[in-house]
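These are the residues of each chain, in order.
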Amino acid sequence: MFINLTRYPVLHRKIKKVIYFNRFMVIFLSGGGSGEKSKEIDLAFINEINKDKPVLYIPLARKAPYDSCMNWIKSNFQPLNFSNFEMIESLEKLKNIDLSKYSGVYIGGGNTYKLLKELQESKFMGTLKRYIKKGGIFYGGSAGAIILGKDIKSSDSKNECNLLDTKGLNLISNFSVYCHYKEEDDQKVQDYIKQTNSKILALPENAGILIECLKMKVIGPGNIFFFDKSDKKVFAPRSIINL
């Protein structure tokens, strides 16, 4: 059935606004690997950013102190000839941060519930969503990828901080994100779908995606997977999926 949206001007304006902003998003998500497993998506990220400006690195999914986190990310990217990261270590610094100073934002892995709680408490969730929708370049690995989905209950992390509001940024076409995926996880994924009535984007450690211009491109040597209540779809490297 065809609906002439011009007959419903308020709805028409809202839909046009969503499409207008979403086409500017540049989002990289990886399944949680590093080194050779994430090399292709790491390189794609580096090639997208302005290398004259630092990348903001947010390690808050981990426990402080964060020195080892900075050592990890630099060791991961130095073989790709990039190490210009600026790390933020406290909620206070996130509250009034000017993201225009950075070429991109990178949020790494750890406990997804801890990460989301800290981003909520610092009021950074809204700031990050606006940044992404206006074309800011974002890279999320593991927990950093999961928070961009519809809900973070797809995470294997323990909810040690008793977080009640588990809604993510919902920027992946109503998918929740499952990282570190392996084939033996299929039943766990299906159980999650039954509990939450949500579809799943499953990312192995050797695969990732780029979302740009309302399309999703598979990056890396591994496949990615879409799950819903009745189906599992496989997408090979270099596949392009319309969103």
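Above this text you will find the structure in question.
Residues numbered from 1 in each chain as written. Predicted model: local features only at pLDDT ≥ 70, side-chain atom pairs only at ≥ 80, totals over all residues. Heavy atoms only, no water.

*Asks:* It is not clear to me how the overall build of the chain should be interpreted in this structure. Could you clarify?
*Replies:* Of the regular secondary structure elements, the chain holds eight helices and 12 strands. Relative to the 2.2 N^0.38 estimate, which gives 18 Å for 243 residues, the radius of gyration of the chain is 18 Å and therefore close to what a compact globule would have. Considered along the principal axes of its C-alpha atoms, the chain spans approximately 55 × 40 × 40 Å. The long-range fraction of contacts in the chain, counting pairs at least 24 apart against all pairs at least 6 apart in sequence, stands at 69%. Summed over all atoms, the accessible surface of the chain reaches about 12600 Å², with 50% contributed by carbon and sulfur. Of the charged side chains in the chain, 37 are positive and 25 negative; the average position of the first set lies 9 Å away from that of the second. (Helix = DSSP H or I, 4+ residues; strand = E, 2+ residues; numbered from the N terminus. Rg over C-alpha atoms; globule rule 2.2 N^0.38 Å. Contact = heavy atoms within 4.5 Å. Areas by Shrake-Rupley, 256 points an atom, 1.4 Å probe, with all protein chains shown as cover. Lys, Arg positive; Asp, Glu negative; His and termini not counted. Charge placed at Lys NZ, Arg CZ, Asp CG, Glu CD.)

*Asks:* What's the story with the sheet that holds strand β7 (residues 199-203) in this structure? I'm lost.
*Replies:* The strand order across the open sheet formed by four strands is β6-β7-β10-β11, and the pairing between neighbours is mixed. Lying at the two open borders of the sheet, with one neighbouring strand each, are β6 (175-179) and β11 (232-235). Going from strand to strand, the sheet's axes swing by 20° on average, the running direction of each strand aside. Summarising the sheet, strand β10 (residues 224-227) and β11 pair through four bridges and their orientation is antiparallel. The residue bridging F227 from the neighbouring strand is K232, located in β11. This element, helix α8 (residues 186-196), spans β6, β7, β10 and β11 of the sheet and lies at about 40° to β10. (Pairing = 2+ DSSP bridges. Axes fitted to C-alpha atoms, helices over the stretch in contact; angles between N-to-C directions.)

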